[in-house]
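Chain and residue survey
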Amino acid sequence: NDVIVIFLQNCLPMLFRHIGFDHGIPPSSLIQRQDKMNGWASLWLVGGLLVANVKALASNKGAEERRAFLSRSVSVVVAASNLLPHAASAAVTDETDTFAKNWWTDAIPKSAAPVTPTSPAPQSSIPATDEIVIRINKNDLATSGGLGIELGEVEFRTNLRVFVKTVAPGSLASRLGIQANWVLVSLNNQSTERTNAEGVAILLARAVKNGSVDDALEFRFRDPSVFRQALSTLSEGDTVTTQVAPAGDTTQRYNDGSVMGGQSVTSQADQKVSVSQLVAPKFCKRGATTDDLLEISYIGSVVETGQIFDGSAVKVNGQGVAGRGDDVTLYFVLGKQPFGQFPPSWDTGLFGMCVGERRRLLIPPVLAYGSKGLPKRGIPPDATLQYDVTLVSINGLSTPQ
């Protein structure tokens, strides 16, 4: 009886901690789900062997039998500890071709496969392809009575966006082609993405006052429609990039500037999403749009290390993932997925995608696992993620549309 009590007090909590019942492990983690299955198997094995030993002890008497019982019990605990897998060192491999033969794998060039980079260029250094630069002479600004735009702002946590809310008809802005909903990125190379509309007005007043009247003011805007349109017209080898968050301080603060409780001072580089076409569709007149049910095959890896951390067809330590039934694809609704169920970057990068097309998405930390990373899946802090995605069907139709 004493041995059983010791087992319940020590071994069971150890096993439950290992399989995640006291750590809030996300159910989407492939490695962690595999750990839970193996953890349960180990738990039943330990319990069964100990019960067998207790029965053997009850049927025998004497010191020799008790010593043998204790020896067997120690062996059971040691064996159980060896059976428990360690998620941090689990090997995740792409097994798409092992599970099924797919027509798209023959069309993928070698460059499409995840490659372990030696020193990858920072994602923040890739130039955005959806930004527009407009230069305005100070004299033109003065004679026109101003630019003729109304600014609005959007705030989310530490991020601010100042955008063009309205453009006055016949104004200087209208003649220059500035449009509503454009995001103001910078003024004279000074970022405006961490200030509000009032702050932009102050920056503009200072820029007009300083320097010569013949100087030009440089406005840099981001047009969200340009990026989305580019996704719908990608060609093989093309890459489009947009910035989703600017560089700077990301510390969670109160209105008085003090750091919120439990938070630390943090910062980040420019956070950009890049989408490349690896394999062009054989035929396409209709790309994926919001509300479409997409069937995709994908593999996810860490850019900095090349390590595979996720995929629609992967093995963990050489074993298939429980519950997937050797499937090599998964389904989700574009633009309408529940929060946290799929990577939010898929909604951004898969828009306009065609059946048979394969794309590579480079995802910055702000849309991945941030400054903390996810060590259990081999994702270090501030890691850039790479998803290679093939679109298999749209709304159940796998034929080109």
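Since the structure is predicted, the reported quantities are computational estimates derived from the model, not experimental observations. (Residues numbered from 1 in each chain as written. Predicted model: local features only at pLDDT ≥ 70, side-chain atom pairs only at ≥ 80, totals over all residues. Heavy atoms only, no water.)

Let us now look at the overall build of the protein chain. Each helix and strand in the protein chain was counted, giving ten helices and 18 strands. Per-residue burial for the protein chain yields a buried fraction of 40% across its 401 residues. Across the protein chain, the fraction of contacts at a sequence separation of at least 24, relative to all contacts at a separation of at least 6, is 70%. Carbon and sulfur atoms make up 55% of the accessible area of the protein chain, which amounts to about 21,000 Å² in all. (Helix = DSSP H or I, 4+ residues; strand = E, 2+ residues; numbered from the N terminus. Buried < 20%, exposed > 50% of the residue type's maximum accessible area, 1.4 Å probe, protein only. Contact = heavy atoms within 4.5 Å. Areas by Shrake-Rupley, 256 points an atom, 1.4 Å probe, with all protein chains shown as cover.)

Moving on, we get to the packing of aromatic side chains. In total, this model carries nine aromatic pairs according to the counting rule given. Seen in terms of ring centroids, F332 and W346 are 5.3 Å apart; in terms of plane orientation they differ by 50°. Their pairing is tilted. Taken together, the positions of F332 in strand 16 (residues 330–333) and W346 in helix 10 (residues 345–349) put the pair 14 residues apart, joining distant regions of the chain. Given the relative accessible area of 2%, F332 is considered buried. Their ring planes at 85° and their centres at 5.7 Å tell us that W346 and Y387 sit as a pair that is edge-to-face. Taken together, the positions of W346 in helix 10 and Y387 in strand 18 (residues 385–394) put the pair 41 residues apart, joining distant regions of the chain. (Phe/Tyr/Trp six-rings, centres within 6.5 Å; stacked < 30°, edge-to-face > 60°.)

Let's shift gears to the pairing of strand 5 (residues 183–187). Most of strand 5 sits inside the fold, with five of its five residues counted as buried. With four bridges connecting them, strand 5 and strand 7 (residues 216–222) associate as antiparallel partners. Within the sheet, the bridge partner assigned to L187 lies in strand 7 and is F219. Bridging between strand 5 and strand 6 (residues 190–191) involves two bridges; their strand directions are antiparallel. (Pairing = 2+ DSSP bridges.)

Attention now goes to a nonpolar patch on the surface. Where nonpolar side chains cluster on the molecular surface, the patch consists of L293, Y331 and V333 and spans about 240 Å² of accessible area. In this structure, Y331 sits in strand 16. Of the residues examined, Y331 reaches a relative accessible area of 46% and is grouped as partly exposed. (Patch = residues over 30% accessible without salt bridge, like charges linked within 9 Å, V, L, I, M, F, W, Y side chains within 5 Å. Salt bridge = Lys/Arg side-chain N within 4 Å of Asp/Glu carboxyl O.)

Next up on the list: the side chain of D130. Checked against the element boundaries, D130 lands in the loop between helix 5 (103–107) and strand 2 (131–137). Buried charge D130 goes without a salt bridge, the closest partner of opposite sign being R222 at 4.2 Å. With near-sequence residues (within four places) excluded, D130 lies in contact with F221, R222, D223, V226, F227, T241 and T242. (Lys, Arg positive; Asp, Glu negative; His and termini not counted.)

In space, the three strands of this open sheet follow the order 1-14-15, with antiparallel pairing throughout. Both edges of this open sheet fall to strand 1 (92–94) and strand 15 (319–320), since each of them pairs with a single strand only. Here strand 1 pairs with strand 14 (residues 314–316) via three bridges, running antiparallel. Bridge pairing links T93 to K315 in strand 14.

This model, assessed by the stated rule, comprises ten salt bridges. For R286, the salt bridge goes to D292, with nearest N and O atoms at 2.9 Å. Taking the relative accessible area as the measure of exposure, D292 reaches 5% and is therefore buried. Residues joined by salt bridges that share partners form a network here, namely E131, R161, E193, R220 and R222.

Here we take up the side chain of E295. Structurally, E295 is set in strand 12 (residues 293–302). Owing to a relative accessible area of 13%, E295 belongs among the buried residues under this scheme. Within polar-contact distance, the side chain of E295 engages the side chain of Y331 at 3.3 Å. Here the side chain of E295 touches S393 through a polar contact of 2.8 Å, side chain to side chain. (Polar contact = N/O pair within 3.5 Å; in protein donor to acceptor, adjacent residues only side chain to side chain.)

Quick look at the nonpolar core now. One finds V275, L294, I296, F332, W346, L350 and Y387 to be the most contacted residues of the largest nonpolar core, which totals 32 residues. Broken down by secondary-structure element, the contributors of at least two residues to this core are helix 9 (224–232), strand 11 (271–279), strand 12, strand 16, strand 17 (358–363) and strand 18. It is strand 18 that contributes the most residues to this core, five residues altogether. Discounting residues that sit within four places of it in the chain, L350 has contacts with A288, F332, L334, R359, L361 and V389. Counting 18 residues, the second largest nonpolar core, distinct from the first, contains V162, A173, W182 and V200. (Core = buried A, V, L, I, M, F, W, Y, C linked by side-chain atoms within 4.5 Å.)

All right, on to the pairing of strand 13 (residues 308–311) then. Side chains on a regular strand alternate between the two faces of the sheet. Relative to strand 13, strand 12 runs antiparallel, the two sharing three bridges. Within strand 13, the position partnered with S301 by the bridge is I308. Counted between consecutive antiparallel strands, the loop separating strand 12 from strand 13 contains five residues, among which G306 sits at a positive phi close to 80°.

Bear in mind that shape data such as this cannot, by itself, settle questions of function.
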